[in-house]
Amino acid sequence: MEINSFIKQFEDTIADLPPDSIRPETDFKNLQQWDSLAMLSLLAKLDSEYNVTLTAEELNSCNNVMELYELVESKTQ
Amino acid sequence: MRALIKAISYYLPAGELTNEDINRDFPEWSIEKIADKTGVFSRHIADANVCSSDLGIESAKKLFEEHNINKSEIDFILFCTQSPDYFFPASACIIQDKLGIPTTAGALDFNLGCSGFVYGLGLAKGLIESGEAKNVLLITADTFSKVMHPKDKSVRTIIGDGAASTLISASETGSLGPFIFGTDGKGAEKLILKAGGFRLPKSDETGVDKVDEFGNITNENSMYMNGAEVFNFTLKTVPELVNNLFAKSGLSDEQIDLYIFHQANKYILDLVRKKLKLPEEKFYIFISNCGNTVSSTIPIALWNAIKERKVKAGSRIMVVGFGVGLSWAAGIVNI
């Protein structure tokens, strides 16, 4: 896994997100499209793609997409 | 003597809450998005003065009528609800009187939500196969609309009111089970109506609104659902439960005619089905015009599957319930 493909998956998962709108430093929780359904979509994606289960607390502890990527990566190892 | 599901009917109150109505309250969620993510187009809502027991009674009257059931033969009432009329007596006692079921019948309430129907089947089987009852009337009913905060879209988009009546009778043939049950009370606060009982009586404080990070507003007098945690619980527990039931029953996918899971919402059902690699054509969904009716989703779906001839006499169905408690149960049903 590397950050660019992770970002691509993130963009595909969250509804109504314009392509190429996400950067590693994006604070995804402040995105207009980030709502409870977006969160569930992301949790489902991480479960099916990486077999990683995150709690809402863990997800909320991430300040940006890079930190989320690192958290997911640490759990896949 | 074996236990067999003999008849099912259900009742939905006339009032409706459509996606157009929800969109008016929450313009940030389009009508299409609500339908696409939840699978629900409309939910039924009971009038303010109509209680779960009233819905349950209507469903039982339909059962007697549609299936030509003689109510004097009912010797046990199991009423599954999370919204009883009173703390006591049990609503099942009131239902016995209003339905004119003989005073020789046993009657009790049990408090479970989305796992309740499968638990009720297990209890009915126990009563019948031990010889203590011959005709068990299992009524599932809830009116969560009364305890949903009007500004909490996380629950208002998916949950509707409704009731179902299922008659389980002693039979020479047929079979009900095996079942698997499970409980994790550590998750009690993930799905809870906190205030109004003895632990936390209603007060000015419990009525204070709180906003979550997504702008959903609720308070302790209203139901609360931690969406992410319930979601994670479902994705973890339900596949294990289904696989354990395959192992316990000695059955494989080819021997199951239809799967009817608790109709939580279409989104989570699709995910669970994909995770279990169950064939889509055998995975029954019935949610679009009633939403998640808590303990009644499985009997409502089962009755529609029978009416649509997806299943017929002799078919083998896996039923799976999961939710508030946290509580879960799965079983094999022959009809």
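Numbering of residues begins from 1 in every chain and follows the order in which that chain's sequence is written. Working convention: letters from A go to chains and numbers from 1 go to ligands, in the order in which they are written. Local features are withheld for residues below a pLDDT of 70 in this predicted model, meaning they are given only at 70 or higher, and side-chain atom pairs are given and counted only at 80 or more; totals for whole chains, interfaces and linings count all residues.

1. A word on the interface of chain A and chain B
Worth spelling out the cut-off: A pair of residues counts as a contact when their C-beta atoms, built from backbone coordinates, are within 7 Å of each other. Helix and strand assignments follow DSSP, with helices taken as H or I runs no shorter than four residues and strands as E runs no shorter than two, numbered in order from the N terminus.
Taken together, the contact between chain A and chain B spans 13 residues of the former and 15 residues of the latter. At the level of secondary structure, the elements contributing two or more residues to the side of chain A that touches chain B comprise α2 (36-50) and α3 (56-60) of chain A. Tallying contributions element by element places α2(A) first for the side of chain A that touches chain B, with seven residues.

2. Considering the domain arrangement of chain B
Residue and element names in this part refer to chain B. Rules: Domain delimitation in this document rests on an assignment produced automatically or drawn from a domain database. In this classification, the charged set is Asp, Glu, Lys and Arg, the nonpolar set is Ala, Val, Leu, Ile, Met, Phe, Trp, Tyr, Cys and Pro, and all remaining amino acids, among them Gly, are polar.
Looking at the assigned domains, one finds that chain B contains domain 1 (2-173) and domain 2 (178-334). The interface of domain 1 with domain 2 comprises 44 residues on the first partner and 44 residues on the second. Elements with a minimum of two residues in the side of domain 1 that touches domain 2: β1 (2-11), α2 (31-38), β3 (42-45), α5 (116-129), β6 (135-142), α6 (153-156) and β7 (162-171). Examining the composition of the side of domain 1 that touches domain 2, we find that six residues originate from one element, α5, more than from any other. Along the lines of polarity and charge, the residues of the side of domain 1 that touches domain 2 split into 22 nonpolar, 15 polar and seven charged.

3. Some thoughts on unusual backbone geometry
All names here are of chain B. As a reminder of what qualifies: With C-beta atoms placed from the backbone, the exposure class of a residue follows from how many other C-beta atoms lie within 10 Å of its own: 20 or more, buried; 12 or fewer, exposed; in between, partly exposed.
Cis rather than trans, the peptide bond between Gly-177 and Pro-178 has omega equal to 5°. Among the secondary structure elements, Pro-178 is positioned in strand β8 (residues 176-183). Looking along the chain, the bond that leaves Gly-325 and enters Leu-326 is cis, with omega of -5°. Looking at the secondary structure, you find Leu-326 in the loop between β14 (316-323) and β15 (327-334). In this structure, Asn-68 takes a positive phi of about 55° despite not being glycine. Mapped onto the fold, Asn-68 is located in the loop between α3 (52-66) and β4 (76-80). A positive phi angle is found at Arg-309, which is not glycine, with a value near 60°. Mapped onto the elements of the fold, Arg-309 is located in the loop between α9 (297-307) and β14. Assessed through the 8 C-beta atoms surrounding it within 10 Å, Arg-309 is described here as exposed.

4. Observations regarding the environment of Ala133(B)
All names here are of chain B. Here Ala-133 shows up in the loop between α5 and β6. Between the C-alpha atom of Ala-133 and that of Gly-39, which follows or precedes it by 94 residues, the distance is 39 Å. Ignoring sequence-local partners within four residues, the contact set of Ala-133 consists of Asp-75, Phe-76, Leu-127 and Ile-128.

5. Here's the deal with the sheet that holds β4(B)
Residues and elements named next belong to chain B. To keep it simple, the criterion reads: Strand pairing follows a simple DSSP-based rule, namely that at least 2 bridges must link the two strands. Axis geometry follows a simple rule: fit a line to the C-alpha atoms, using only the stretch in contact for helices, then measure angles between N-to-C directions, giving values from 0 to 180 degrees.
Taken in spatial order, the five strands make up an open sheet running β1-β7-β6-β4-β5, and their pairing is mixed. Among the strands making up the open sheet, the edge pair consists of β1 and β5 (106-110). Between one strand axis and the next, the sheet turns by 15° as a mean value, whatever way the strands run. Where β4 meets β5, five bridges bridge the pair, whose relative direction is parallel. Looking at the pairing, Leu-78 lines up with Leu-108 of β5. Here α3 sits on the sheet in contact with β1, β4, β6 and β7, set at roughly 50° to β7.

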